[in-house]
Amino acid sequence: MVMQPRVIHSGFFLVPRGTDEDLLILWRRYSHSLPLLAMAIFEEYDVIVVGAGHAGCEAAAAAANLGSKTLLVTMNMQTIAQMSCNPAMGGVAKGQIVREVDALGGYSGIVTDKTAIQFRMLNRSKGPAMWSPRAQSDRWRFAEEWRLMLEQTPNLDFWQDMVSSLIVEDGYARGVITSMGVSIRAKAVVLTNGTFLNGKIHIGEKNFGGGRTGEKAATGITEQLVELGFEAGRMKTGTPPRVDGRSLDYSKMEEQPGDENPEKFSYSDTTSPLKEQRSCFITYTNDTVHDILRTGFEKSPMYAGRIQGLGPRYCPSIEDKITRFAERNRHQIFVEPEGWNTVEVYVNGFSTSLPEDVQMKALRLIPGFENVKMFRPGYAIEYDYFPPVQLDSTLQTRLVKNLYFAGQINGTTGYEEAACQGLIAGINAHLSVREQAPFVLSRSDAYIGVLIDDLITKGTEEPYRMFTSRAEYRILLRQDNADLRLTPRAFELGLASKERMDRVNEKKLASDKIIKFLREQAISPEEANDFLVSRESSPLNQKVKLTSVLSRPGVSIWDLRDISSPTSDFLNSFRKEDIEQAEIQVKYEGYIQRESELADKMQRLDYVMLDEDLDYRKLASLSIEAKEKLSRQRPRSLGQASRISGISPADISVLMIYLGR
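Residues numbered from 1 in each chain as written. Predicted model: local features only at pLDDT ≥ 70, side-chain atom pairs only at ≥ 80, totals over all residues. Heavy atoms only, no water.

(A) Quick look at helix H14 (residues 498-520). Given a rise of 1.5 Å per residue, 23 residues ought to cover 33 Å, and the 33 Å separating the end C-alpha atoms of H14 matches this to within 8%. Taken together, the buried positions of H14 are Arg500, Met501, Arg503, Val504, Lys507, Ala510, Ser511, Ile514, Ile515, Phe517 and Leu518. (Helix = DSSP H or I, 4+ residues; strand = E, 2+ residues; numbered from the N terminus. Expected span 1.5 Å × (residues − 1). Buried < 20%, exposed > 50% of the residue type's maximum accessible area, 1.4 Å probe, protein only.)

See below:
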């Protein structure tokens, strides 16, 4: 009997179309074998995304918006885009990534803007390469908004279940099998499992399986991938206690308000800057707090050796801080509200896996926390990851075609790092299904390109976090110009709308007009000298162009507006972002040109392709380390080879000679 399927979720069972008698016959025949029944229910998808964290959400949205029929499989529909750690997006280098995701047509920037409770532009006192947007988010609204946006995305379906294994045929990913025995076929699969692969939660001497507090771990996938030849490892991360804000004394803390004139993440017109904000607060630990924490070290899973995975170097637990920085008698604690209408507070800087009683005793010795009530203790979580040198630049695995990894499965940490990987994996899964050229960003294109190149060439043995120092071309990869850099690429793909592209063109045209005005308009000594002297800058002897004055340290374009009436009249018709873009282009013109030339020179190596089957061991002049690493990582280009740790300039010269260059 052959019947057309009808997807109706009824408890744990899917019911096909037919009469009641037909259904009874089917139930008796196949109730013992759900996979057989499921094969008649699901049509083949283009892309299946496993996991609905930040990577999974961006991957699913990208693939679906590009036109692929996409299925997002998650263990719990109620925890889509859950902020498992701190309720914030952005920060140093991370804010640049969120802007880049938005410029490429991703959703993270829009969701953040719609659910923010505070916005700050970090590092304003430094150069524009260091300016980094950060928003404090309403944790529940953030997850809700993500789900609402996904539910309104065409071509995207959902399925609540745990994926226990992959369908792999002839070296290609062909779908997934769930814990309920449901087989779902697809042309490409994206794994974004977060901390759920064989996850284990540690609190003091207790440990239990789990991918997040209150949620079970995912099993089966690691074991299957290892059997297929993948290398796997273990990593660790942690989270601090959540406490009751009503029990805190904020008068003993330093208030940290948002910016007076807050900006936003998304370049689109669909969001607006905050009109009202909530403050965060800062307090500090002390020697007494540290002494109490030390009493729990013998029960600490980290010091007792129960945790084998390495934790994030740049976001250490409070135990790590007082051990590694023993000379310090205090550490900063950021007190962060979790939303507009909740009393729950995130204790940023107090990540710990010590016993609950030790956590509570130590917390109550922190100024402002004397009467604190805890909602839940901090904990550490250990999970499986796959060293990312097993991927190519599209985030496709090298062992199994049309299988993509994104997020913490690649050894990264942070919502932003996960989101951008999900976006790139989703785009490339779609392109692979359509047999179209892959989408790859270089190190001079985006922080996203830096992140992916670091992962696939250098790998990581500890949770990878993005910093501005990882990028060679920071002055090119600013947060203010991500739309100018990337939206044209996204528009070509079909991921950015025409409205987005029009807005980018308007911004470029406007900034060009402002630069032209600054280069042509002169300013006299009478107009400028009082101001220049007040800024301890040399006075003018004659009229000069505005660009000459603007190029001086300590002079901004807003200063020129205040001292020059023609400038003020001219700038009044432009948006703030257009004016700032022009100012940066003028003030840092030399640096920008120098970095662009360097990037072009280095990028030439990326166009020199290496044969995938090249036998490096036969090249006698290569160092032994180079032979081993090149044979293992199989770089696709000379540029990629040059960035592998341990590959020397001499080794690159050998390869160039071999290639006849």
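(B) Structural detail: the sheet that holds strand E18 (residues 332-337). With antiparallel pairing, 6 strands are arranged side by side in an open sheet as E16-E17-E18-E19-E15-E20. Only two strands of the sheet have a single partner each, and these edge strands are strand E16 (254-256) and strand E20 (374-376). Direction aside, the axes of adjacent strands within the sheet are offset by 35 degrees on average. Contacts from helix H10 (residues 356-363) reach strand E15 (242-244), strand E19 (344-348) and E20 within the one sheet, and its direction differs from that of E20 by about 145 degrees. (Pairing = 2+ DSSP bridges. Axes fitted to C-alpha atoms, helices over the stretch in contact; angles between N-to-C directions. Contact = heavy atoms within 4.5 Å.)

(C) Quick look at the sheet that holds strand E14 (residues 233-239). The sheet built from 4 strands is open, its strands ordered E13-E12-E21-E14 with antiparallel pairing. Single-partner strands in this sheet number two, and they are strand E13 (206-209) and E14. Looking at each pair of strands side by side, their axes are set apart by 25 degrees on average, direction ignored.

(D) Seen up close, the packing of aromatic side chains. Summed over all chains, the structure comprises 9 aromatic pairs. Residues Phe230 and Phe405 carry aromatic rings whose centres are separated by 5.8 Å and whose planes lie at 40 degrees to one another, so their mutual orientation is tilted. Taken together, the residues span a long stretch of sequence, with Phe230 in the loop between helix H7 (221-227) and E14 and Phe405 in strand E22 (residues 403-405) at a distance of 175 residues. Here Phe230 and Phe405 have matching classes, each one buried. (Phe/Tyr/Trp six-rings, centres within 6.5 Å; stacked < 30°, edge-to-face > 60°.)

(E) Geometry of the pattern of salt bridges. In total, this model carries 46 salt bridges according to the counting rule given. With a closest N to O distance of 2.8 Å, Glu144 and Arg141 form a salt bridge. You can see Glu144 and its partner Arg141 sitting in helix H6 (residues 139-151), 3 residues apart, about one turn around the helix. For Glu144, a relative accessible area of 41% translates into the label partly exposed. Residue classification places Arg141 among the partly exposed residues on the basis of a relative accessible area of 27%. The salt bridge partner of Arg503 is Glu577, with a shortest N-O separation of 3.3 Å. Note that Arg503 is positioned in helix H14 and Glu577 in helix H19 (residues 576-587), a separation of 74 residues in sequence. Exposure remark for Glu577: the relative accessible area of 29% places this residue in the partly exposed category. (Salt bridge = Lys/Arg side-chain N within 4 Å of Asp/Glu carboxyl O.)

(F) Spatial organisation of helix H23 (residues 649-658). By the burial criterion, the buried members of H23 are Asp651, Ile652, Val654 and Leu655. With its buried residues spanning 155 degrees around the axis, H23 presents them on a single face. Exposed and facing more than 90 degrees away from the buried side of H23 are Pro649 and Ile657. Buried residues in H23 make contact with helix H21 (624-633) and helix H22 (638-642). Within two residues after H23, Gly660 carries a phi angle of roughly 80 degrees, on the positive side. (Arc of directions from axis to C-beta.)

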